[in-house]
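Fold and geometry: a report
The primary structure of each chain is shown beneath.
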Amino acid sequence: MTVYKNKLGVMFTGLGGSLHTSLFQPLRGRWTEADTVTYFHTQNGPGLAVWSNHVALGHRNDSGKFGHTMASLWDNWGTSSTTISTWTTTSAVSMATLGDRLWFAGRTADGRNRIVTRVDNSYPEVPLPSTWSTSHGPSIVNHQDRIWLVARGSEGQLQCLHGTGGEWTRPPAAVPGGVMEGEPGLASHDGKLYVMYRR
């Protein structure tokens, strides 16, 4: 879910891996009928972010790798996406923006969290602590001009990292108690970082 050109939009995965979009109509207090995004399928939830005056889509493509495309309108996604990772991911793609870069995060089959960024037309990987593995995919958000990554650790606790692409800081567990499986939701608002998760 993201806001683009003053419109609140959501993208979700339907049956068979199809992608669909819907826009909120504030005067009517309801969502539009869902439109199918032609040519794109994913086995996990898509990621959305606004970057460079476009709405950007990240998804797990048919080969299991990160795919990425951008649109200037909610209903104009083109016919193909760019593969931006050399490794396969087992999780949904989470996205954020920081500075002039678009960030993508996911989890690979060996439990490692991975981040890549878009710089011009290339997608370099941003190193994360190699010893940190999680049981489910991460979520990322820009909070106070730093990328925050939150994921469910191997012991069920929500763990987090934050940084700008160089060194990363790992504060104590964001939620010390056990949480249920799945990726958390993140939002930065009014100076606070909000985390939503299943307990």
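Before reading further, recall that the structure is shown in the block above.
In this text the structure is predicted, and so the values were computed from the model without any measurement. (Residues numbered from 1 in each chain as written. Predicted model: local features only at pLDDT ≥ 70, side-chain atom pairs only at ≥ 80, totals over all residues. Heavy atoms only, no water.)

With that out of the way, let us pick up the layout of surface pockets. Taken as a whole, the largest pocket holds about 970 Å³ of empty space. Looking at the largest pocket, it is lined by 38 residues, and the ones nearest its centre are Met 1, Ser 94, Ile 140, Gly 185 and Leu 186. Class assignment of the residues belonging to the lining of the largest pocket gives a composition of 24 nonpolar, 10 polar and 4 charged. (1 Å grid on protein atoms, 1.4 Å probe; cavity = no way out; pocket = protein on both sides within 12 Å on 5 of 7 lines; lining within 4 Å. Points joined across faces, edges and corners; volume = space filled by probe spheres on them. Nonpolar A, V, L, I, M, F, W, Y, C, P; charged D, E, K, R; others polar.)

Now for the pattern of salt bridges. Inspection of the entire model under this criterion finds 1 salt bridge. A salt bridge links Arg 114 to Glu 125, with the nearest nitrogen and oxygen atoms 3.2 Å apart. Of this pair, Arg 114 sits in strand 12 (residues 113-118) while Glu 125 sits in strand 13 (residues 125-126); the two residues are 11 residues apart in sequence, bridging distant segments of the chain. Residue Arg 114 is classed as buried on the basis of its relative accessible area, which comes to 13%. (Salt bridge = Lys/Arg side-chain N within 4 Å of Asp/Glu carboxyl O. Helix = DSSP H or I, 4+ residues; strand = E, 2+ residues; numbered from the N terminus. Buried < 20%, exposed > 50% of the residue type's maximum accessible area, 1.4 Å probe, protein only.)

Note: strand 18 (residues 185-189) against strand 19 (residues 192-196), 5 bridges, orientation antiparallel. Bridging across to strand 19, Leu 186 finds its partner in Val 195. Counting the residues that bridge the hairpin from strand 18 to strand 19 gives 2 residues, and of these Asp 190 lies at a positive phi of roughly 55°. (Pairing = 2+ DSSP bridges.)

Across the sheet, 4 strands lie side by side as 6-7-8-9; this open sheet has antiparallel pairing. Of all strands in the sheet, those with a lone pairing partner are strand 6 (47-51) and strand 9 (82-83), marking the two edges. Relative to strand 7 (residues 54-60), strand 6 runs antiparallel, the two being bridged by 5 bridges. Each bridged residue has a counterpart across the sheet, and for Val 50 the counterpart in strand 7 is Val 55.

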